[in-house]
Amino acid sequence: MAFAPKPGCPMCGIVATAAVHPPGQSRSPNCPDAPAEPEILWRDENFTAYREKVHPVSSSGHIIIAFNLHVPSIYTLSSSDLPLLVNVRNLGRRLLSSSSPRLSVLSSGNSSAPSAPLQHTESQFRIGFITPPFKDNKIPITDHLHAHAYLAPADLLGWWRGVGYGPLAWYAIDDLIAEIRESVSNNRVKSGYDNRINAPIDAVPEAGARTGAANGDEYTASSLAIPDIEDGLATPSSSNTSFTSSSSGQIPHLHV
C-alpha cells in the first residue's frame, strides 16, 4: 500500500483519530490522566488540520495541516500535486482568518475549505514547510509531510527553534507552488510580492498540474490526491480506497 500509515507515527495517529472523531465532536475521556487529544479543526479526504496548543509559535494562531497519507517529504510531490498545495494554502488562510479570538471549529463536507472573510493582512500569513534535515525541535516529525500555518509575528518562537522557521529551512508554500509551475512551463511565475493572493494564475488551482506533448499525448504523473467523484475523476468503488494510489502509477495516454 503506497504511503500507508506508519506504526508509531504521531501524525498518522492524529489522522486516524480525526477519522473516528470528526471536527467539533467532543470526547469524554475515560481516564483523567489520559493525554489531551489534539483539537481537530478540519478533515477531508486529503488533509487533517489541528490547532497546535502545546507548542505554538505564535500567540495569534498556529495550525498544522497534515497529509492523510504518510508522505515522507515535499520531494515526493510532483506537478500533478499542485492542486493539493493550493488547497493547503487556502485552507491555512481560512482557518487562520477565523482565529481571532478563537478558531472556529469547522466541519468537512466539501473538498475545499469553507469561505470566511479575511481578518488579517496578507503579510501576517505564514504557511509553509520545514525542510529536512531541519525540524521543529518541539514537534520533531520529519517523515510525515505537514505544513505549518501561523500568524506573524512568531512571538513564542525561541532562537534555537527559530532555525526551522528561518530562511535556511523554511519553504514558503507560495514559493513552492511558483517553482513547481516554473519547472513545467515556459512562463516565469513571480512569487513573494505583496497581494500575492490576487495573482491571476492563483485563480486556476490546476495551473501547471498537467504535462503533455503537442500531439495530445499526456504525461501527467499520478497525483497523491484522493479523487473526487463529483469532479468525474473516480468511480464510486475507487473513491473508497483511501491511502492508495494508482496501481500502474501512470494515467493512459490521451489523444485528441
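An account of the accompanying structure is given in this report. Computed from a prediction, not measured in an experiment: that's the story for all the values here.

Residues Phe134, Trp159, Trp160, Val163 and Leu168 make up a contiguous nonpolar surface patch of about 620 Å² in total accessible area. Along the chain, valine 163 falls in the loop between strand E5 (146-151) and strand E6 (170-172).

Turning next to the environment of leucine 77. Along the chain, leucine 77 falls in the loop between strand E3 (62-67) and helix H2 (82-97). Residues leucine 77 and serine 223 lie 146 residues apart in sequence; the distance between their C-alpha atoms is 8.1 Å. Residues within four places of leucine 77 in sequence aside, it is in contact with Phe67, Leu85, Leu145 and Leu224.

In this section: the pairing of E3. In terms of burial, E3 is a largely internal element, six of the six residues being buried. Here E3 shows a buried face lined by His62, Ile64 and Ala66 and a second buried face lined by Ile63, Ile65 and Phe67. In the sheet, strand E2 (residues 47-51) pairs with E3 via five bridges, with the strands oriented antiparallel. Of the residues in E3, the one forming a bridge with phenylalanine 47 is phenylalanine 67. Here E3 runs beside E5; their pairing, made up of five bridges, is antiparallel. When the sheet's bridge partners are listed, alanine 66 is paired in E5 with histidine 146.

Conventions we followed
- Residue positions are given per chain, counting from 1 as you read along its sequence in written order.
- In keeping with the predicted nature of the model, local features appear solely for residues at pLDDT of at least 70, side-chain atom pairs appear and are counted solely at 80 or more, and the whole-chain, interface and lining totals rest on all residues.
- Hydrogens and waters are ignored; side-chain quantities use all the structure's heavy atoms.
- Residues form patches when they are more than 30% accessible in relative terms and have no salt bridge. Like charges link within 9 Å. Nonpolar side chains (Val, Leu, Ile, Met, Phe, Trp, Tyr) link within 5 Å.
- Accessible surface area values rest on a Shrake-Rupley calculation with a 1.4 Å probe, where residue burial reflects the displayed protein chains alone.
- Salt bridges are defined as contacts in which a side-chain nitrogen from Lys or Arg sits within 4 Å of a carboxyl oxygen from Asp or Glu.
- Starting at the N terminus, helices and strands are each numbered in turn, a helix being any DSSP run of H or I of at least four residues and a strand any DSSP run of E of at least two.
- Note on definitions: a residue-residue contact is assigned when non-hydrogen atoms from the two residues lie within 4.5 Å.
- Working definition: with a 1.4 Å probe on protein chains only, accessible area under 20% of the residue-type maximum means buried, over 50% means exposed, and in between means partly exposed.
- Between any two strands, at least two bridges found by DSSP are needed for them to pair.

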